[in-house]
Amino acid sequence: MVITVLGASGRTGRHVVRLLGRWGHTVRAGLRNRRRGESVAGLAAIPVVTDLTADPDELVDAFAGSDVVINCAGAADPDPAAVNLIDRDGAIAAIRAAERAGVPRFVQLSAMFADSPDQGDRLVRSILYAKQISDSMLSRSSLVWTVVRAATLTDEPGTGRIAAAGHLDAGRIPREDVAAVILGCLIEARTENRGFDVRSGDLPVAAALSTLD
Ligand SMILES: NC(=O)c1ccc[n+]([C@@H]2O[C@H](COP(=O)([O-])OP(=O)(O)OC[C@H]3O[C@@H](n4cnc5c(N)ncnc54)[C@H](OP(=O)(O)O)[C@@H]3O)[C@@H](O)[C@H]2O)c1
């Protein structure tokens, strides 16, 4: 498959790009600008510019011919204005562009509690609300969609063992394992047209995803 990864230079995005390449997919590594090309050097991926704040027509062009778009982008700055620009409006722009480009499948990396965002301090709330809005827009799109609501991300090595369910208690999960979950979504039909929580757990990724109801 041809798969475009948004936020490919990010800590989770790079794991996703690396795994997709290993699985033999044609990977387009979506970068904010050409200068970020070094961040995916050495990975089996074609760099493409996919700035979520740019002219949406550029996203449509970048997505053309993709079978899947995976959104791992997120604002670096927790300030609500930046979060609304990237995690809300940028993600919505990507969803709309994927529809216009005829991409059939869209997987969005979101955050645990984005579906009940009225909690945490001001900055946490603003991130959760931004993600709730874009997640909800994705669920009402014409795309075959998945929202992966990840627990607190860590840079520890992946264990390959997770828990996945409609709702879970708070926890942590290595970014490497989140990448494996995102790839698992491409082969497990139970992940289609739904959101779910994911954190570290006891089951191998494929087994955990197959328990989703
Ligand atoms: N931190 C947590 O505990 C947690 C928990 C659950 C979910 N999440 C979410 O998981 C996702 C990935 O997190 P992460 O920590 O792996 O991310 P990260 O390392 O901060 O990477 C974010 C990516 O988004 C890209 N980006 C920023 N602005 C962009 C724009 N205008 N257009 C296109 N791409 C842009 C960045 O590009 P540059 O490299 O060029 O800046 C980078 O590739 C985020 O959405 C985050 O909110 C985080």
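This one's a predicted model, so the numbers in the text were calculated from it and none came from an experiment.

Attention now moves to the site of the ligand. Of all residues adjacent to the ligand, which total 25 residues, the nearest are Ser9, Thr12, Arg32, Arg36 and Arg175. Interatomic distance of 2.6 Å between a side-chain N/O atom of Thr12 and an oxygen atom of the ligand. Between the ligand and Arg36 there is a distance of 2.8 Å, counted from an oxygen atom to a side-chain nitrogen or oxygen. Relative to its unbound accessible area of 930 Å², the ligand is 82% covered by the protein chains. Sorting the residues of the shell around the ligand by element identifies α1 (11-22), α3 (80-101), β5 (105-111) and β7 (152-154) as the ones contributing at least two each. No other element matches β5, which puts three residues into the shell around the ligand. Here the residues of the shell around the ligand are counted per class, giving nine nonpolar, nine polar and seven charged.

This part takes up the pairing of strand β10 (residues 194-200). Most of β10 is tucked away, with five of its seven residues classed as buried. Note that strand β6 (residues 144-150) and β10 share five bridges and pair parallel. Following the sheet pairing, Thr146 is matched in β10 by Arg194. Examined bridge by bridge, strand β8 (residues 161-165) and β10 share four bridges and lie antiparallel to one another. Residue pairing for β10: Ala164 is matched across the bridge by Val198.

Definitions and cut-offs
Residue numbers here run from 1 along each chain, matching the order of that chain's written sequence. Side-chain atom pairs in this predicted model are given and counted only at pLDDT of 80 or more, local residue features only at pLDDT of at least 70, and totals for whole chains, interfaces and linings cover all residues. Side-chain descriptors were evaluated using all non-hydrogen atoms of the structure, hydrogens and water having been removed beforehand. Any residue with a heavy atom positioned within 4 Å of a molecule or strand is treated as near that molecule or strand. Nitrogen and oxygen atoms within 3.5 Å of one another constitute a polar contact, given that in protein one can donate a hydrogen and the other can accept it, and given that sequence-neighbouring residues count only through two side-chain atoms. Residue exposure ignores everything except the shown protein chains as possible cover, and the areas themselves are Shrake-Rupley values with a 1.4 Å probe. Only DSSP runs of H or I with at least four residues qualify as helices, and only runs of E with at least two residues qualify as strands; both kinds are numbered from the N terminus onward. Put simply, Ala, Val, Leu, Ile, Met, Phe, Trp, Tyr, Cys and Pro go in the nonpolar bin, Asp, Glu, Lys and Arg in the charged bin, and everything else, Gly too, in the polar bin. The cut-offs for exposure are 20% and 50% of the maximum accessible area for each residue type, with area from a 1.4 Å probe on protein chains only; residues under the lower value are buried, those over the upper are exposed, and the others partly exposed. Strand pairing requires that DSSP identify at least two bridges connecting the strands.

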